[in-house]
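What the coordinates show
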Amino acid sequence: ETGVTQTPRHLVMGMTNKKSLKCEQHLGHNAMYWYKQSAKKPLELMFVYSLEERVENNSVPSRFSPECPNSSHLFLHLHTLQPEDSALYLCASSQDGPGRYGYTFGSGTRLTVV
Amino acid sequence: GNSVTQMEGPVTLSEEAFLTINCTYTATGYPSLFWYVQYPGEGLQLLLKATKADDKGSNKGFEATYRKETTSFHLEKGSVQVSDSAVYFCALREGYGGATNKLIFGTGTLLAVQP
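Residues numbered from 1 in each chain as written. Chains lettered and ligands numbered in written order. Predicted model: local features only at pLDDT ≥ 70, side-chain atom pairs only at ≥ 80, totals over all residues. Heavy atoms only, no water.

Right, let's get into the pattern of salt bridges. One side chain can pair with another of opposite charge once the charged atoms of both are near each other. Under the defined criterion, the tally for this structure stands at 6 salt bridges over all chains. Among the salt bridges present, the one from B:Glu42 reaches A:Arg9, with a minimum N-O distance of 3.8 Å. Placement of the pair is B:Glu42 in the loop between strand S5 (32-38) and strand S6 (44-50) and A:Arg9 in the loop between strand S1 (4-7) and strand S2 (10-13), with the two residues belonging to separate chains. Between A:Arg63 and A:Asp85 there is a salt bridge, with the nearest N and O atoms lying 2.7 Å from each other. Of the two residues, A:Arg63 is situated in the loop between strand S6 (53-57) and strand S7 (64-70) and A:Asp85 in the loop between strand S8 (73-79) and strand S9 (87-94); the sequence distance between them amounts to 22 residues. Like A:Arg63, the residue A:Asp85 is buried in the burial classification. (Salt bridge = Lys/Arg side-chain N within 4 Å of Asp/Glu carboxyl O. Helix = DSSP H or I, 4+ residues; strand = E, 2+ residues; numbered from the N terminus. Buried < 20%, exposed > 50% of the residue type's maximum accessible area, 1.4 Å probe, protein only.)

The interface is formed by 24 residues belonging to chain B together with 27 residues belonging to chain A. Summing the contributions of chain B and of chain A, the shared interface buries around 1900 Å²; its carbon and sulfur component is 51%. Between chain B and chain A we count 1 salt bridge in total. The interface formed by chain B and chain A includes 5 residue pairs in polar contact (both at pLDDT 80 or more). Among the secondary structure elements, those contributing two or more residues to the side of chain B that touches chain A are S5, S6, strand S10 (86-93) and strand S11 (103-105) of chain B. Considering every element that reaches the side of chain B that touches chain A, the biggest residue donor is S5(B), with 4 residues. Residue composition of the side of chain B that touches chain A, by class: 10 nonpolar, 10 polar and 4 charged. (Contact = heavy atoms within 4.5 Å. Buried area = accessible area lost by both parts, 1.4 Å probe. Polar contact = N/O pair within 3.5 Å; in protein donor to acceptor, adjacent residues only side chain to side chain. Nonpolar A, V, L, I, M, F, W, Y, C, P; charged D, E, K, R; others polar.)

Another point: unusual backbone geometry. A:Thr7 connects to A:Pro8 through a cis peptide bond whose omega is -10°. Tracing the backbone through its elements, the reader meets A:Pro8 in the loop between S1 and S2. Following B:Gly9, the chain continues into B:Pro10 via a peptide bond in cis, with omega recorded as 0°. Inspection of the secondary structure puts B:Pro10 in the loop between strand S1 (3-6) and strand S2 (11-14).

A distance of 2.7 Å separates polar atoms of two side chains, one belonging to A:Arg63 and the other to A:Asp85. Leaving out residues up to four positions away in the same chain, A:Arg63 has contacts with A:His77, A:Leu78, A:His79, A:Thr80, A:Leu81, A:Gln82 and A:Asp85.

Here we come to the layout of surface pockets. By volume, the largest pocket is sized at about 710 Å³. Along the wall of the largest pocket there are 27 residues; nearest its centre are A:Gln37, A:Lys40, B:Val87, B:Thr107 and B:Leu110. Only S9 of chain A together with S10 and strand S12 (109-114) of chain B provide two or more residues apiece to the lining of the largest pocket. A class-by-class count of the residues in the lining of the largest pocket yields 13 nonpolar, 9 polar and 5 charged. (1 Å grid on protein atoms, 1.4 Å probe; cavity = no way out; pocket = protein on both sides within 12 Å on 5 of 7 lines; lining within 4 Å. Points joined across faces, edges and corners; volume = space filled by probe spheres on them.)

The next thing to look at is the nonpolar core. Membership of the largest hydrophobic core comes to 26 residues, with the highest contact counts inside it found for B:Leu19, B:Trp35, B:Leu47, B:Leu48, B:Phe73, B:Leu75 and B:Tyr88. If you tally residues by element for this core, the top one is S10(B), at 4 residues. (Core = buried A, V, L, I, M, F, W, Y, C linked by side-chain atoms within 4.5 Å.)

Let us look at the state of the cysteines. The bond known as a disulfide is covalent and runs between the sulfur atoms of two cysteines. Evaluated as defined, the whole model comprises 2 disulfides over all chains. Across the disulfide from A:Cys23 sits A:Cys91; the S-S distance is 1.9 Å. Note on the A:Cys23 and A:Cys91 pair: the S-S dihedral is about -75°, so by sign convention the disulfide is left-handed. With a gap of 68 residues between them, A:Cys23 in strand S3 (residues 18-25) and A:Cys91 in strand S9 connect regions that are remote in the sequence. Relative accessible area serves as the criterion here: at 0%, A:Cys23 is assigned to the buried category. Using a relative accessible area of 0% as the deciding quantity, one classes A:Cys91 as buried. Disulfide pairing places B:Cys23 opposite B:Cys90 at an S-S distance of 1.9 Å. On the sign convention where negative is left-handed, the bridge of B:Cys23 and B:Cys90, at about -70° about the S-S bond, is left-handed. Of this pair, B:Cys23 sits in strand S4 (residues 23-26) while B:Cys90 sits in strand S10, and the two are 67 residues apart along the sequence. The residues B:Cys23 and B:Cys90 share a single accessibility class, namely buried. (Disulfide = S-S within 2.5 Å.)

Take a look at the structure:
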């Protein structure tokens, strides 16, 4: 248990489905992140939220839609995905401000698009 | 811009061998440095960190020393076990936090330890 919980752990969805990934942290952190990890590729930062506001969107296709309703929860809404979107989606959180902190990661959601 | 360069893997070792995974960085300021480990099917876990020059981070027998003169943060372990088989990521974070001062990752190095 890392303090960051992601659900579901595994998800298989068709290209016409709509699903959501959930991330929850109770570490008191004020920033949250979505990463995509594909086989044989570097980690890709998708979205950054700080104090519940999106501060970065790294050219992510609109079929991925993040939502951060409060500082403890982060969602990634998925619709009309493509097979190349199959990957491990990782959520992370951090405490921002003075001091030099790393991120705490969840265990990820393994997404397969069929 | 800031970047992290890791040695390419896979690194294949026999049990009880000495491990070194090289990591060098480029940064304009004074970053904090991290090693993360990812076991099969899992997310990334913080392994160790160092926040200033000459600091040594250590955990579970792993060590890394922040070398500002060589801009390096090499990961070492004196005697690896099969259970250490995983992907290891070097990372840096510059500045004093802030979500825009992101954690910058290397590409990861796969370590495979054989019995």
